[in-house]
Amino acid sequence: MGDQLLAAGVVEETVRAFFQGLPVGAGFALVAMSFVLTYKTSGVFNLAFGAQAFISAATYYELHVRRDWPIWAAVLVAVVLVAPLLGLLLERLIFRHVHAASAVAKLVISLGLLVALPELFKLVVNYDREPPYGAVGIMPDGDSAVFWLSGRSVSRDEIAAFAIMVVAAVALAALFRYTRMGLRIRAVVQSPRMTELNGINSDWVSSGSWMLSSLFAGLAGVLLVPITSTLGTALEPGGYFPIVISALAAAALGRLVSLPAALFGGLLLGVITTELRTHLPHDNVILNELRGSALPYVMLFAIIVFWPAIRRQVAGVDPLLGVAPPPPALAATARSRGLTIYTRIMALAFFTVVGIWTFGYANNFWISRITHSVIFTIIFLSIVVFTGLGGQIALCQVTFAAIGGFGVMQLAQRWDISVMVGMLVGAAIAAAVGAALSVPVMRLGGIWLAIATLSFALFFDDVLVKYGWVGGSISQGRGVPRPQLLGIDFTSHKNFLVLCIAVLVLVSVLVILIRESSTGMALRALRGSETAAESIGVIAWRSRVIVFSISAAIAAIGGGLLAMEERLVSYDATYDPQLGLFWLVIVVVLGARTVEGAAQAGVAFIIFPVLVLERWLHLDGAWRFVLFGFAAITFARHPEGLLEHGKRRSQILMQRIFAGGGPNIAEKQT
């Protein structure tokens, strides 16, 4: 009798969890279908859908909660007006002009928009004038129960979310199957230029697809507002990032081309999430986190890595598109002797002035800012190694930096080991983790490699960091001492800055040696054509595993120095995976192929917001996310970076000034 009651209770809980997961899965499904629709029509893997969903949700919140608009009017503006208009602007102003760019370039642009759009919205409407709590759904008294099912109330908002998803999915299927617009969209997927031969304006068809997909993202954002309210958290952009990852897992089930599979995957993921929350035990960290937000990360990683269909997936390419030229040579390779001497003299003069001011006149605040800039330059060099030299994108460098910081902290506190030794051990651990991670993901390449590494970073953030042997209790930070080395006490701010500069010089030399080594040449060959490189004996996986491991170790060295500088590991403030996306954006915007580009990115990340935005222009420091996020658009045309591009342009002019100047850069590249 007892067993029967227990079985009945399990069945009841299972049924309750199933219906509880449908509204959540409906939101995942809407965003997943947006992914598929955009990818099918334009080849863009648009991670900025999370930002678009947040903007619609925040618009609804701003109008209804803060300004007392009626629900129907707020929904109309947020979903029917703002969302499609935002999609139209993104397509017309940005993605239309990068149609021929690589998938990696489009991914970088979408990452920039993911960073920039929410911050721009918040600054324009003064969103943070008060904490954004108290979000409500689209139904009056939406949290009230309509009926009870297996002991659980089913609210009006949940019924509305699921019903709207069903209607939207049916309408989208009918659009593709029975309307002329759907036929034109399918034709544009195959080849925009061939479609135009039949008199169809493919540009406007693409614009319509973007408006439709953005509407779906905005609708999902508004429908999922009650989830944020139920959890008692503020309505912030970070709350929509896990939704994007969940939708990616759903879209990956259909290889980004099947709308029915995306719909089914979203619903399935929502149901599985609630079932695990109901049935998994609470006494294990990993299992407990799988009950929460970690499940989509695990599923996304598993789908990408272990499903053969994903590895065979190749983005559709318009057969009439040309082949993009290789990245231009570095400007330094075409400098004349006179210009080289002049450049070195000016650089020496600049660093001399900065050094005199720093060590002679700067206060502790500016010494700390400069030290942070040097440390982040070291971390950003890990992006130079893998992205600049290897031509691939990894979104987990922030995790490797955190491993370095935690390595220093754990060894110093648990075993009283020198922090310098701990930094080297942390680098070795990060290199080993990078090597282990690279084995399954390096054969993916392109956008799937980026998403797989992002899944790992999010899993580390949600699960592994909570273990005592990794991070443990990190909310208040844990103390990390400064080193004492060769009789020198580096507790002094200036002494520690000298130590960081010395480490930066060593790491910079290592990066240059890698670039000029056989491994660097192999990476350049792979970047041009993997098939051609392998035909001359280059072993692709070995080169990428080596470089990925080295980049992980470099990031960990920077993370260890950062822990020493701050004297604690403030994980939440420093190593958020979403902040790591901005690290990548700022490096590739300024220049991901040189040590100089990493140094400029370090200065732009730390000093630019304080010195230029806040003190000179009297702007909020958050504008750095907007400026550099939108600057990522230039990556499609200038993959060498804006500063490298500007240096090339100015160098052409300068070489005309020096008698006997070297060959024109443009001539040398031809």
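Predicted model only: the values in this text are computed from it and were never measured. Residue numbers run consecutively from 1 along every chain, following the written order of its sequence. For a predicted model such as this one, the threshold for reporting local features is a pLDDT of at least 70, and the threshold for listing and counting side-chain atom pairs is 80 or more; totals across whole chains, interfaces and linings nevertheless cover every residue. Each side-chain value is derived from all of the structure's non-hydrogen atoms; neither hydrogens nor water enter the calculation.

## Looking at empty space enclosed by the protein
Moving on, step 1. For each structure, a 1 Å grid was placed over the protein atoms alone; sets of points admitting a 1.4 Å probe that cannot get out are labelled cavities, open sets with protein on both sides within 12 Å along at least five of seven lines are labelled pockets, and lining residues have an atom within 4 Å of a point. Grid points are joined across faces, edges and corners, and a volume is the space filled by probe spheres set on the points. In the structure shown here, the tally under the stated rule is 3 cavities of 30 Å³ or more.
Moving on, step 2. There is about 50 Å³ of room inside the largest cavity.
Moving on, step 3. Around the largest cavity, the lining residues are Ile383, Ala394, Leu395, Cys396, Gln397, Val398, Gly580, Leu581, Trp583 and Leu584.
Moving on, step 4. A run of H or I in DSSP counts as a helix once it spans at least four residues, and a run of E counts as a strand once it spans at least two, with each numbered from the N terminus. Those elements that provide at least two residues to the lining of the largest cavity are helix H17 (397-415) and helix H25 (577-590).

## Quick notes on the packing of helix H16 (residues 364-389) against helix H26 (residues 595-616)
Moving on, step 1. Between H16 and H26, the least distance of the axes is 7 Å, while the angle of their chain directions is 145°. Crossing geometry of H16 relative to H26 is assigned as right-handed. From H16, Phe365, Trp366, Arg369, Ile370, His372, Ser373, Phe376, Thr377, Phe380, Leu381 and Val384 reach across to H26, where they touch Val595, Ala598, Ala599, Ala601, Gly602, Val603, Phe605, Ile606, Ile607, Val610, Leu611 and Arg615.
Moving on, step 2. Only Asp, Glu, Lys and Arg are considered charged in this grouping, and only Ala, Val, Leu, Ile, Met, Phe, Trp, Tyr, Cys and Pro are considered nonpolar; every other residue, Gly among them, is considered polar. Split into classes, the residues belonging to the contact of H16 with H26 amount to 17 nonpolar, 4 polar and 2 charged. A fitted line through C-alpha atoms represents every axis, and for helices the fit uses only the stretch in contact; the resulting angles, taken between N-to-C directions, go from 0 to 180 degrees. Crossing handedness is defined as follows: a turn of the near helix away from the far one that is anticlockwise and smaller than a right angle gives a left-handed crossing, while the clockwise case is right-handed. The contact rule is simple, with two residues in contact once any of their heavy atoms fall within 4.5 Å.

## Some remarks on the pattern of salt bridges
Moving on, step 1. When a carboxyl oxygen of Asp or Glu is within 4 Å of a side-chain nitrogen of Lys or Arg, the pair counts as a salt bridge. Inspection of the entire model under this criterion finds 7 salt bridges.
Moving on, step 2. One salt bridge connects Glu62 with Arg67, and the closest N-O pair in it is separated by 3.2 Å.
Moving on, step 3. By relative accessible area, Arg67 is classed as partly exposed at 47%.
Moving on, step 4. Salt-bridge contacts for Lys122 lead to Glu236; the nearest nitrogen and oxygen are separated by 3.1 Å. Placement of the pair is Lys122 in helix H4 (residues 103-125) and Glu236 in the loop between helix H9 (225-230) and helix H10 (241-253), with a sequence separation of 114 residues.
Moving on, step 5. Burial classes follow relative accessibility: with a 1.4 Å probe on protein chains only, a residue under 20% of its type's maximum area counts as buried, one over 50% as exposed, and anything between as partly exposed. Residue Lys122 is classed as buried on the basis of its relative accessible area, which comes to 12%.
Moving on, step 6. Salt bridges linked by common partners bring Glu62, Arg66, Arg67 and Arg129 together as one network.

## Regarding unusual backbone geometry
Moving on, step 1. Phi at Asn126 takes a positive value of approximately 55°, unusual for a residue other than glycine.
Moving on, step 2. When you line up the elements, Asn126 lands in the loop between H4 and strand E1 (145-149).
Moving on, step 3. Taking the relative accessible area as the measure of exposure, Asn126 reaches 44% and is therefore partly exposed.
Moving on, step 4. Positive phi, close to 55°, is recorded for His618, a residue that is not glycine.
Moving on, step 5. In this fold, His618 is placed in the loop between H26 and helix H27 (623-631).

## Description of the nonpolar core
Moving on, step 1. Here, nonpolar core means buried Ala, Val, Leu, Ile, Met, Phe, Trp, Tyr and Cys residues that are tied together by side-chain atoms lying within 4.5 Å of each other. If you look at the biggest cluster of nonpolar residues, it comprises 204 residues, and the most contacted ones within it are Phe45, Phe380, Phe400, Leu561, Trp583 and Ile586.
Moving on, step 2. A total of 15 residues in this core trace back to one element, the largest contributor, which is H16.
Moving on, step 3. If sequence neighbours within four positions are ignored, Leu561 has contacts with Ile375, Ile378, Met423, Phe496, Cys500 and Val503.

## Describing the environment of Tyr297
Moving on, step 1. Mapping Tyr297 onto the fold places it in helix H13 (residues 294-306).
Moving on, step 2. Spatially, the C-alpha atom of Tyr297 lies 8.9 Å from that of Ala452, the residues being 155 residues apart in sequence.

## What to know about the side chain of Lys122
Moving on, step 1. Among the polar contacts made by the side chain of Lys122, one reaches the side chain of Glu236 at a distance of 3.1 Å.
Moving on, step 2. Setting aside its immediate chain neighbours within four residues, Lys122 contacts Phe54, Tyr127, Asp128, Glu236 and Pro237. Side-chain atoms alone can form a polar contact between residues adjacent in sequence; in general such a contact is a pair of N or O atoms within 3.5 Å, and within protein one must be able to donate a hydrogen while the other accepts it.

## Side note on the confidence of the model for the chain
Note that predicted coordinates carrying low pLDDT should not be read in detail.
Moving on, step 1. Think of pLDDT as the predictor's per-residue confidence, scored from 0 to 100. In this model, the chain carries a mean pLDDT of 80, and residues with pLDDT of at least 70 account for 80%.
Moving on, step 2. Per-residue pLDDT stays below 50 along residues 660-670; that stretch engages in 17 contacts with residues further than four places along the chain or on separate chains.

## Quick notes on the packing of aromatic side chains
Here a ring pair, both rings aromatic, is described through the centre-centre distance and the interplanar angle of the planes.
Moving on, step 1. Two aromatic rings from Phe, Tyr or Trp, using only the six-membered ring of Trp, form a pair when their centres are within 6.5 Å; if the ring planes differ by under 30 degrees the pair is stacked, by over 60 it is edge-to-face, and anything between is tilted. Summed over the entire model, instances satisfying the criterion amount to 26 aromatic pairs.
Moving on, step 2. On the basis of an interplanar angle of 75° and a centroid distance of 5.7 Å, the ring pair of Phe608 and Phe628 is categorised as edge-to-face. One end of the pair, Phe608, is in helix H26; the other, Phe628, is in helix H27, and 20 residues separate them in sequence.
Moving on, step 3. Taking relative accessible area as the criterion, Phe608 reaches 21% and is therefore assigned partly exposed.
Moving on, step 4. Following the ring pairs from residue to residue traces out a cluster consisting of Phe376, Phe380, Phe582, Trp583, Phe605, Phe608, Phe625 and Phe628.

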